[in-house]
Amino acid sequence: MKTLYRTLALVGLLSVGFLYSFKPFHSSTESMIQRIAAPEGTKRTVIKDMIASKRSSALFKEYSVLEYNDTKKADDFAKNLSTFTLNKSALSNLNIDRPDNMSFKFQTDKETILDLTRSAVFSQDFKCKVKDYSGEHEVTGLDLGLHYRGVIRGNENSIVTISIYQDFIMGIVSDDSGNYNLGPKRTSKRSALSNEYVYYNDRDMIHRTGFDCETGELASEITHGINAPDTGGGPPPCVAVNIYLEADYSMYVQSGGNVPSLLAFMGGVFNNVAAIYQNESIPIIWGNYFVWGVPDPYTASNDPQTILGLFTANHNGSFPAGTMLAQLQSFRMGSPGAGYSNLAVVCNPTLKTSFASIENTYNIYPTYSNAVDLSAHEFGHSFGSRHTHACVWNGNNTGIDQCVVTAENAGCAFGPASPIVTGTIMSYCVPIYGGATNFTLGFGPQPGAVIRFNYSGSCACLLPVELSSFNSQVTDNNVTLRWFTGFETNNAFFDIERYMVTENTWKNIGRVTGSGTTTSPKEYTYSDRGLQPGVYRYRLKQIDFNGNFEYHDLSVSVIISNPVTFALEQNYPNPFNPSTKINYRIPESSVVSLKIYDIRGRMVSTLFDNVRMAAGNYSVSFEGKDLSAGTYIYRLEVNGTVVGIKKMMLIK
């Protein structure tokens, strides 16, 4: 049975029309802003370190696609707004070059250079589906864009994301002063994107976006991971978290039924959400997108908790293969910024869901950072973090900040007041309460430690491959490895590694391509041929498309014994071009010859002649690059007696 707690915004400020069981304990906006500084400790440096590493070894070519116009106040939107004109020719060249790394330059009252590197937003087998009046079908031929992450040159503690599409760009540039939205303006709501671009700090917005987040959780998970030791800032311990996003009917309608446009907007938003999590050493990847092109089954209520319940029940744990977290998104709320999430549910088969009513991109001005903030915030609950004002932190059940007072923190102490609030992702230090979230701060040390703790603790369910069996079969001096998978998520390939006890080292001996993402059982084999007598161990190194890997060991050692008879094996591969291997076995010390003949019986090559060899299993390579295509015969002689003759075919 779920125990419910709520952290709610002041009803009079939201215009959402919800009726709640209790409200924040403030009588006015001013009295409510009894602020505590949210930042604590030092900033995370994962993206900074990534760019520093790239700079030391890679070329960063400079690109400029925006021509500066001016900076002024936009009376109806923001106090300070820089405007640009898009250079379509320069954008076209950028799309043609598709650089792995670049320096993106633009001018306002000062020159800004962003050092960026390409990043994966979508899984290798990403799928976008829409359900419309013709049925459910996959949308293909999409412009998935080029997505970059990095920093402002000269400001290493910044975080930047830029997404490049064929016809437009979008991004967020975050530094100590705030989050700057960069994107195209519309001439009117829902109209096409114009070539006029704007750049502004979301702190300067005149009309503040609402914010209302609620969470439900299992009673045993209320403080899941809080006060646990931080699992650190090293490489991710397991696979990237595969995210499923679903767009309700309001998003389809307000996009004019333009699914590619909706996907492009969410691709840029997700790029920034993923950058925030990347900086916390948690990789996330977008695996599937589902868009309701007909009225969705969630229209019965405008209450976020009810909507989440409907979303969860509608799927009942049935998501595309590999889904680890799922979020329903909407434009339909009376005011954006409403959300609801289950708590600490990465491994939960049915409750791995959240809901976010994000800022409508089809307004005149782009407001990407609001959508990023809420989506990242709700996923933060899914990873197990409470709000920063909740009485669960600091090792003494107090709050990290107090940008709002709710039932979560009404009775606990908090620190010294501060005139300006800069919030972290899990805080309520947002514009409507006189503060602003700053993405460079990420989650902050304590909530960050919680989400890393729960991510690391979820590795067992996040493993990309369920290996149902792994065995070996020995035939003479050859080993055949065979393994079966129950399901695969984002699986790129298996490296096969062999360990010989006498050599005391693992050696990579081959690679087998994986099946990406699938729920169907798969069978794989690999042959290791021509082994010498000895004891061997084998393991699989399963590697996903993001470079994460997991080892699977063969449970028993493989023993190759000394041969008991003379034998010549079929060459492998056969047919071949231009080289092949010939294996043979000698049970006792002997004088050995191995020669190659053409089909007419003429000797064309002597691999060795009258060479004394000890007992053992042998393998020799034969190169046929100087011979014509055709059938050849190879013959093994031992102590003057022919013990084996085989045919092989050279193709060219």
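Residues numbered from 1 in each chain as written. Predicted model: local features only at pLDDT ≥ 70, side-chain atom pairs only at ≥ 80, totals over all residues. Heavy atoms only, no water.

### What about the pattern of salt bridges?
Evaluated as defined, the whole model comprises 19 salt bridges. Between R44 and E280 there is a salt bridge, and its shortest N-O distance comes to 3.7 Å. Here R44, found in the loop between α2 (29-32) and α3 (46-55), pairs with E280, found in the loop between α6 (259-278) and β16 (284-292); they are 236 residues apart in sequence, far enough to count as distant. We classify R44 as partly exposed; its relative accessible area is 22%. Owing to a relative accessible area of 1%, E280 belongs among the buried residues under this scheme. Residue R386 is joined to E408 by a salt bridge in which the shortest nitrogen-to-oxygen separation is 3.5 Å. Residue R386 is located in the loop between α8 (368-382) and β20 (422-423), and its partner E408 is located in the loop between α8 and β20; the two are separated by 22 residues in the primary sequence. Accessibility expressed as a relative area gives 6% for R386, which makes it buried. Accessibility expressed as a relative area gives 7% for E408, which makes it buried. (Salt bridge = Lys/Arg side-chain N within 4 Å of Asp/Glu carboxyl O. Helix = DSSP H or I, 4+ residues; strand = E, 2+ residues; numbered from the N terminus. Buried < 20%, exposed > 50% of the residue type's maximum accessible area, 1.4 Å probe, protein only.)

### Quick notes on the nonpolar core
Of all hydrophobic cores here, the largest spans 80 residues; its most connected members are Y277, W286 and Y289. In terms of residue count, α6 provides more of this core than any other element does, twelve residues in total. Residue contacts for W286: discarding those within four places in its chain leaves V121, F122, S123, F126, I243, L245, L263, M266, G267 and F270. (Core = buried A, V, L, I, M, F, W, Y, C linked by side-chain atoms within 4.5 Å. Contact = heavy atoms within 4.5 Å.)

### Some words on the sheet that holds strand β29 (residues 567-568)
Strand order in the open sheet formed by three strands is β29-β30-β33, and the pairing between neighbours is antiparallel. Only two strands of the sheet have a single partner each, and these edge strands are β29 and β33 (616-623). (Pairing = 2+ DSSP bridges.)

### Notes on the layout of surface pockets
Approximately 610 Å³ is the volume attributed to the second largest pocket. Lining the second largest pocket are 30 residues, and of these D167, F168, L193, S261 and A264 lie nearest its centre. At the level of secondary structure, the elements contributing two or more residues to the lining of the second largest pocket comprise α4 (88-97), β12 (178-186), β13 (193-201) and α6. Grouping the amino acids of the lining of the second largest pocket by side-chain chemistry returns 15 nonpolar, ten polar and five charged. (1 Å grid on protein atoms, 1.4 Å probe; cavity = no way out; pocket = protein on both sides within 12 Å on 5 of 7 lines; lining within 4 Å. Points joined across faces, edges and corners; volume = space filled by probe spheres on them. Nonpolar A, V, L, I, M, F, W, Y, C, P; charged D, E, K, R; others polar.)

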